[in-house]
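Analysis of the macromolecular model
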Amino acid sequence: MGFIHVQDVLTGKLTGKEVSLRGWVYRKRDQKEMVFLILRDSTGVIQLACKGIEEARKATIESSIQVSGIVKEDKRAPGGLEIQVKDLTIVGLAETFPISKDLSEEFTRDVRHLWIRSQKLRRIFKIRSEVFRAIHDFCRSRGFIEIQSPIFTTAACEGGSSLFEVKYFDKELYLSQSWQLHAEAMIYSLEKIYTITPAFRAEKSRTKRHISEYWTAEIEAAWMGHEELMEFGEDMILHVVAHVLKHCEKELKELERDLTELKELKKPFPRISYKEAIEKLGKKWGHEITDKDERELIEKLGGKPVFLTKFPRDMKAFYMRPDTKDPKVVLASDLLVPEVGEIIGGSERIYDVKELLESIKIFKLDKKHYEWYLDLRRYGTVPHSGFGLGIERLVMWISGTEHIMDTIPFPRTMTRFYP
Ligand code: 4AD
Ligand code: MG
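The rules behind each value
- Within each chain, residue numbers correspond to sequence positions counted from 1 in written order.
- Chain A is the first chain written and ligand 1 is the first ligand written, with later ones labelled in order.
- At least 70 in pLDDT is required for a residue's local features to be given in this predicted model, at least 80 for side-chain atom pairs to be given and counted, and no such filter applies to totals for whole chains, interfaces and linings, which use all residues.
- With hydrogens and water set aside, each side-chain value is computed from the structure's full complement of heavy atoms.
- Helix and strand definitions follow DSSP, with helices as H or I runs of at least four residues and strands as E runs of at least two, each counted in order from the N terminus.
- Burial status follows relative accessibility: with a 1.4 Å probe on protein chains alone, a residue under 20% of its type maximum counts as buried, one over 50% as exposed, and anything between as partly exposed.
- Residue contacts follow a heavy-atom distance rule, with two residues in contact if any of their heavy atoms lie within 4.5 Å.
- By the counting scheme adopted, Arg and Lys are positive, Glu and Asp are negative, and His together with the chain ends is not counted.
- By convention, charge coordinates are those of NZ in Lys, CZ in Arg, CG in Asp, or CD in Glu.
- Note on definitions. A residue lies near a molecule or strand when any single heavy atom of the residue is within 4 Å of it.
- Whenever two N or O atoms come within 3.5 Å, that pair is a polar contact, provided that in protein one can donate a hydrogen and the other can accept it, and provided that, for residues adjacent in sequence, both atoms are side-chain atoms.
- Calculation of accessible area relied on Shrake-Rupley with a 1.4 Å probe; when residues are assessed, cover is drawn exclusively from the protein chains displayed.
- In this classification, Asp, Glu, Lys and Arg are treated as charged, Ala, Val, Leu, Ile, Met, Phe, Trp, Tyr, Cys and Pro as nonpolar, and every other residue, Gly included, as polar.
- For helices, the fitted line uses only the C-alpha atoms of the stretch in contact; every axis is such a line through C-alpha atoms, and the angle between N-to-C directions lies from 0 to 180 degrees.
- Each angle is binned into one of four classes, with values under 35 degrees roughly parallel, values over 145 roughly antiparallel, values of 65 to 115 roughly perpendicular, and all other values oblique.
- In this scheme the handedness of a crossing depends on how the near helix is turned from the far one: anticlockwise by less than a right angle means left-handed, clockwise means right-handed.

We now examine the overall build of the chain. Looking only at helices and strands, one finds 13 helices and 19 strands in the chain. The C-alpha extent of the chain, read off along each of the three principal axes, is 85 × 55 × 40 Å. Buried residues in the chain amount to 52% of all 419 residues. Contacts in the chain between residues at least 24 apart in sequence constitute 66% of all its contacts with a sequence separation of at least 6. In the chain, 68 positive and 66 negative side-chain charges are present, and the distance between their average locations comes to 3 Å.

This is how it looks when you write it as structure tokens:
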């Protein structure tokens, strides 16, 4: 047998057998006769009982090691199993590891490149990886084609205030806020498309759910209306949650996530219009829904995901289609989830060229930046819709992680960009 993983040992099927593992020293307890090490690898941790093994005494926290030994049951060991080590080799002897006592958020973020090794982040990143897989599986199962859009862009998609300017040779360009505008061009070729991409927002707000570089799963579909878009989003969320429950139940439990909320998730998610929402909140028309309002709404509606729909036009983006029955609101929806708030933002798009020109005027945008985008309405326009789903916010909710920064390996915020 070659090297196996901690997880293979923890199945209990190898008890009594000799195994070889490699990983890092997670904990160390020196005793007279024995040294107890906890070995960690990408799948978990296991106790190593080292009797008469000199190398074990030399091994420091976070040293990389290879060991062979016999798997034994031991009630006192974490996981109920340990390895009685016969042979141990230090591969990379670690200097004194800087993360020991001070586990403050500030400090662990300063040494993020090392904190990445923590059990908490490992579990969250495993879930994150399964979220990506589930989104790909879901979109493909619905006949959506994966396609990419540029990151260097010339115009705002979601308003100028959160644009990142970058020097582009002797010009100024922006980092993409969303693949959407270019995606709208691509549906004329591929009809139903999706991507998972980085997106950039120069967010000055320091909240638990904003970072300046985040990942988003975006979809765009020709012939799709707003109702159908919400149903698609709902099905995607149900699929992702079921997939993560299936593949990461262990990690969810270790993170102490309440599984009932996830297991009991059902469609349809309630839909509530902006108008109904402000009535529930006791606010007046025109009130901007805050993070706190979102949480309050979810609470009032039973503590489950909810679609907030039909926002006043001036609160949303220029490309959103006004409701023909009530043109002061747009056919847009945000999916709100408990603890996190908005995770999906989507809408039906204006597809009439005159209406779009009008909207560009209302939103005081410079038409010359949107000429190519207007062309899409000039040559064979079709009704269409799409949304963006923030991956980190979804991972936050599913894993029960309090701060968005812990759902991405190297978070970027206004004040954090190192390491
Ligand atoms: O609601 P937003 O701004 O919508 C758009 O960008 C559309 N163009 C998407 C589309 O229709 N294709 O952003 C979509 C989602 C939000 O619901 C949120 O989950 C996430 O992106 N998001 C952020 N996540 C983390 N940090 C930030 N600063 C985010 N800004 C948006
Ligand atoms: Mg939004």
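Our next topic: the site of ligand 1. Neighbouring ligand 1 are 23 residues, the closest being Glu158, Gln180, Glu218, Glu342 and Ile343. Contacts to ligand 1 include Gly345, whose backbone N or O atom sits 3.4 Å from an oxygen atom. Within the contact set of ligand 1, an oxygen atom lies 3.2 Å away from a backbone nitrogen or oxygen of Gly390. Here ligand 1, which alone exposes 620 Å², has 94% of that area covered by the protein. Sorting the residues of the shell around ligand 1 by element identifies strand E12 (213-222), strand E18 (341-348) and strand E19 (384-390) as the ones contributing at least two each. The residue inventory of the shell around ligand 1, partitioned by class, reads eight nonpolar, seven polar and eight charged.

For the rest of this paragraph, the subject is the packing of helix H5 (residues 119-141) against helix H13 (residues 391-399). Where H5 contacts H13, the axes come no closer than 10 Å and their chain directions differ by 120 degrees. Judged on the interaxial angle alone, H13 and H5 are oblique. Between H5 and H13 the crossing geometry is right-handed. Counting all contacts with H5, which are made through Ile124, Ile127, Arg128, Val131, Phe132 and Ile135, the residues of H13 involved are Ile391, Glu392, Leu394, Val395, Ile398 and Ser399. Broken down by class, the residue content of the contact of H5 with H13 amounts to nine nonpolar, one polar and two charged.

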